[in-house]
Amino acid sequence: MFLSFPANATGPEYAQLPEHGGNYLVEEALPIPVDTVFKIAFDVAKQAEPGKLSGQINSLARFINMHLRNGVPIKNIRLALVVHGGASKDLLANKYYKDEFNTENKNAALVKALLKNNTQVYVCGQSAVHYGVTKDKLIDGVQISLSAMTQHALLQRQGYTLNPF
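Residues numbered from 1 in each chain as written. Predicted model: local features only at pLDDT ≥ 70, side-chain atom pairs only at ≥ 80, totals over all residues. Heavy atoms only, no water.

*Asks:* For the sheet that holds strand E4 (residues 77-83), give the residues involved together with the corresponding values.
*Replies:* Across the sheet, which stays open at both edges, the 5 strands sit in the order E6-E5-E4-E3-E7 with parallel pairing between neighbours. Both edges of this open sheet fall to strand E6 (143-145) and strand E7 (161-162), since each of them pairs with a single strand only. The pairing of strand E5 (residues 119-124) with E6 spans 3 bridges and is classified as parallel. Residue pairing across strands places Cys-124 opposite Ser-145, the latter belonging to E6. The sheet contacts of helix H1 (residues 55-69) involve strand E3 (38-44), E4 and E5, and relative to E4 the element is tilted by about 175°. (Pairing = 2+ DSSP bridges. Helix = DSSP H or I, 4+ residues; strand = E, 2+ residues; numbered from the N terminus. Contact = heavy atoms within 4.5 Å. Axes fitted to C-alpha atoms, helices over the stretch in contact; angles between N-to-C directions.)

Okay, structure coming up:
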């Protein structure tokens, strides 16, 4: 059964991302050890269609929701989103996104929710300069890295693994 928000969960932390990150309940799944700490970097380069939610960025919310549902505390889920290429525009604050695309940035609320839930969000500085995305135009909390390559290397040094999806 596919759920648009985590259902049948216990604990007050579970509804932290109820608007995003739908996932399936897998009753036969292997148990996750209680002391598991996830440190995972997600790489997003493809821009979402203007006015649409990025499925790739939503994957981080899905990761959070499905692991909370399965007993992993939010403090043990540390994610990083590294955005480059055309997807850099998906990190524009709504005002600037609307100026450019004449529609709301459907990713803004999702990115803000991720930032509140142990997720670091980085935009590639090389892509940002190329696409005219300046710090003042970004969603509050998004950081500019020298490059996506640099940020991934730094995250790997901190123990983050790269999610292949």
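*Asks:* Give me helix H5 (residues 148-157): which residues, what numbers.
*Replies:* If you check which residues of H5 are buried, you get Ala-148, Gln-151, His-152 and Leu-155. Within H5, the buried residues cover an arc of 100° as seen down the axis, which keeps them to one side. Summarising the geometry of H5, the exposed residues directed more than 90 degrees from the buried face are Met-149 and Arg-157. On its buried face, H5 sits against E3, E4, E5, E6 and E7. A positive phi of about 95° marks Gly-159, the residue just after H5. (Buried < 20%, exposed > 50% of the residue type's maximum accessible area, 1.4 Å probe, protein only. Arc of directions from axis to C-beta.)

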